Amino acid sequence: MGTTAGVYVRISQDSTGERAGVTRQLEDCKAYLAQHGWALGAVYEDNSVSAYSGKPRPGYEALLAELEAGTINAVVCWHPDRLHRSTRELERFIDIVDATGAQVGTVNGGAYDLTTSTGRMAAKIVGAVAQAESEHKSERQRRANLQRAQQGRLHRGTRPFGLTFDGEHVETESEALRDVAAKLLAGRSLMSITRDLNAAGLTTTKGNAWTSAVLGRTFKSPYVGGQRTHHGEVIAEGQWAPIVDQLTWKRACAVLNQPGRNTATTNARKHLLPGFVFCGLCGSRLFSAVVNGKPGYSCKKDAMRTGCGRLTVVGAPLEALVRDAVIARVSESASISAALSAAVDDSAYSAAAAELAELAEQRAELDRARFIDGTLKDRNAYNRLALELDAKLEIAERRSTSSLGVVTMAGVQTDPVKLREQWDVAELDWRRSLIGAVVERIDVKPAKHKGQRFTPSRVDVHFRDAQQAEAS
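All values derive from a computational prediction rather than experimental measurement.

With that settled, consider the overall build of the protein chain. Each helix and strand in the protein chain was counted, giving 16 helices and 13 strands. Per-residue burial over the protein chain gives 39% buried out of 472 residues. Taking contacts inside the protein chain between residues at least 6 apart in sequence as the whole, the part at least 24 apart equals 62%. Summing over all exposed atoms, the protein chain offers an accessible surface of approximately 25,500 Å²; the carbon and sulfur share of this is 50%.

Encoded structure:
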């Protein structure tokens with residue numbers, strides 16, 4: 001059998017997608033084959049794939065498989081570092097070449113005789129140098145990324161929605177994000193806002209349709225509020241103007257982060273009262289269920305529930321009762337309606353944010369004194385002060401978040417007729433938000449007789465007071 005070579009071409013990053021790098025390598029490798037009288041068996045390509053990251057290289061794996069199968073008995077590449085930038089992978093390659101007796105040739109690195117100790121040593125030296133170069137490049141890149149972050153410059157990579165790479169606003173996109181904030185604070189669900197974006201023909205910066213999960217992650221990205229992060233931590237104010245002013249952005253993010261808020265794309269909430277209704281027998285939550293062939297709620301008793309399993313209620317009359325009770329409560333209680341529509345007190349947030357910033361600076365000064373300046377040499381004293389400051393920081397963080405004063409019910413009607421009209425056209429998330437702002441819990445008692453029709457006397461609605469409604 002003559003020499004039949006597999007040609008391997010690879011480039012780490014092809015930003016244009018034109019494959020110019022691998023094309024040039026292939027031309028040179030074919031010239032190498034002609035010069036040595038070797039036949040071309042197949043070409044194995046990994047375009048825009050790193051040989052250092054450890055991620056799978058399909059072309060490289062196919063090359064090794066063909067070597068082991070005996071389909072080819074030689075390998076040609078443009079340079080040894082096209083094959084390997086990891087000594088671990090090189091060791092595996094040497095074992096396969098040694099077992100198959102394959103020849104290895106490189107356009108810019110000469111022939112590799114991996115059947116001899118001298119040849120293997122030379123290959124390992126070249127491989128170690130290639131790996132060291134990759135490691136140095138990675139270190140330089142990490143340092144450059146940190147510097148960009150500290151300077152408040154945008155991260156290199158995918159263009160952020162709403163901004164150009166230079167930090168200028170893309171007006172249609174930035175206006176869409178401001179619209180997202182306004183709709184979230186008005187009680188709209190993330191799923192409905194996602195539908196609005198797709199209906200308007202707006203796509204992600206990769207050209208894809210929006211999903212609720214992607215929109216949620218995008219909106220909560222600190223760059224939207226004008227902040228620069230590094231490894232998940234905010235370390236600088238961005239050099240660009242915030243797309244959404246920071247206070248509004250934080251309030252809208254607080255809405256998205258509310259416990260129990262449903263943001264899934266495929267498990268949208270379909271029922272009005274889960275989380276609000278409880279079993280009047282055992283006190284457990286009631287879950288959505290089918291009751292007598294109709295949507296309803298039931299107390300569950302199985303491996304995952306702790307309920308008694310002895311109570312069910314049909315959904316439609318219960319939901320209608322709760323709706324009417326909430327409308328009556330809002331329209332009859334001036335203090336409740338005022339609390340729902342109250343303007344947010346920005347001064348409370350400003351004071352909490354200032355306290356948080358001051359404590360964070362004290363914590364940073366403590367670390368400088370212990371680890372940089374060396375003025376605080378007592379480790380026990382450092383640990384004690386650090387624990388105290390961390391506890392204060394945690395409290396201040398909670399106070400800062402709560403003082404955002406998220407009000408998702410601004411604009412709620414107080415006239416019962418108008419509020420009923422508003423309820424009828426509102427989305428499910430808005431209705432649940434209104435219930436949550438007004439109602440503490442709903443206890444459902446069992447029917448007195450089996451098969452008895454629903455009666456309002458089975459239901460106890462426990463309302464929040466005005467202060468609780470304002471805090472919600």
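That shown, we press on.
Let us now look at the sheet that holds strand β8 (residues 277-279). Pairing is mixed in the open sheet, where 3 strands are placed in the order β8-β12-β13. Of all the strands in the sheet, the pair left with one neighbour each is β8 and β13 (459-463). Taking the axes of each pair of neighbouring strands and ignoring which way they run, one obtains an average angle of 25° across the sheet. Pairing between β8 and strand β12 (residues 439-444): 3 bridges, direction parallel. Looking across to β12, one finds that Phe 278 is bridged to Asp 443. Strands in contact with helix α10 (residues 315-332) are β8, β12 and β13; relative to β13, the strand with the most contacts, it is inclined by about 35°.

On to the environment of Pro 295. Tracing the sequence through the fold places Pro 295 in strand β10 (residues 294-298). As for Pro 295 and Val 313, which are separated by 18 residues in sequence, their C-alpha atoms are 9.0 Å apart. Those residues within four positions of Pro 295 in sequence are excluded, and the remaining contacts are Ala 289, Val 314, Gly 315 and Ala 316.

Next up on the list: the nonpolar core. Judged by nonpolar contacts, the single largest core of 30 residues is most densely connected at Leu 273, Leu 286, Leu 318, Leu 434, Ile 435 and Ile 442. Elements with a contribution of two residues or more to this core: β8, α10, α14 (416-425), α15 (428-438) and β12. No other element matches α10, which puts 6 residues into this core. In terms of nonpolar packing, the next biggest core, distinct from the first, is built from 25 residues, Phe 219, Val 244, Trp 249 and Leu 256 among them.

Once that is clear, we can look at the environment of Thr 205. Looking at the secondary structure, you find Thr 205 in the loop between α7 (190-199) and α8 (212-220). Along the chain, Thr 205 and Pro 160 lie 45 residues apart, while their C-alpha atoms are 7.0 Å from each other. The contacts of Thr 205, once residues within four sequence positions are left out, are Thr 158, Arg 159, Pro 160, Phe 161 and Glu 173. Separated by 2.9 Å, the side chain of Thr 205 and the backbone oxygen of Arg 159 make a polar contact.

Tallied over the entire structure, the rule returns 4 aromatic pairs. Ring centres of Tyr 32 and Trp 38 lie 5.9 Å apart, and the angle between their planes is 75°; this geometry places the pair in the edge-to-face category. Since its relative accessible area comes to 9%, Tyr 32 is described here as buried. A ring pair is formed by Phe 371 and Tyr 382, whose centres lie 5.2 Å apart and whose planes are at 80°; its orientation type is edge-to-face. Here Phe 371, found in helix α12 (residues 346-372), pairs with Tyr 382, found in helix α13 (residues 379-402); they are 11 residues apart in sequence, far enough to count as distant. Assessed through its relative accessible area of 58%, Phe 371 is described here as exposed. Overall, the relative accessible area of 10% leaves Tyr 382 in the buried class. One Lys or Arg, Arg 57, reaches over the ring of Tyr 60 and ends 4.1 Å from the middle of that ring. If you follow Arg 441 out to its NZ or CZ, it ends over the ring of Phe 278, 3.9 Å from the centre.

The rules we used
- Residues numbered from 1 in each chain as written.
- Predicted model: local features only at pLDDT ≥ 70, side-chain atom pairs only at ≥ 80, totals over all residues.
- Heavy atoms only, no water.
- Helix = DSSP H or I, 4+ residues; strand = E, 2+ residues; numbered from the N terminus.
- Buried < 20%, exposed > 50% of the residue type's maximum accessible area, 1.4 Å probe, protein only.
- Contact = heavy atoms within 4.5 Å.
- Areas by Shrake-Rupley, 256 points an atom, 1.4 Å probe, with all protein chains shown as cover.
- Pairing = 2+ DSSP bridges.
- Axes fitted to C-alpha atoms, helices over the stretch in contact; angles between N-to-C directions.
- Core = buried A, V, L, I, M, F, W, Y, C linked by side-chain atoms within 4.5 Å.
- Polar contact = N/O pair within 3.5 Å; in protein donor to acceptor, adjacent residues only side chain to side chain.
- Phe/Tyr/Trp six-rings, centres within 6.5 Å; stacked < 30°, edge-to-face > 60°.
- Lys NZ or Arg CZ within 6 Å of the ring centre and 35° of its normal.

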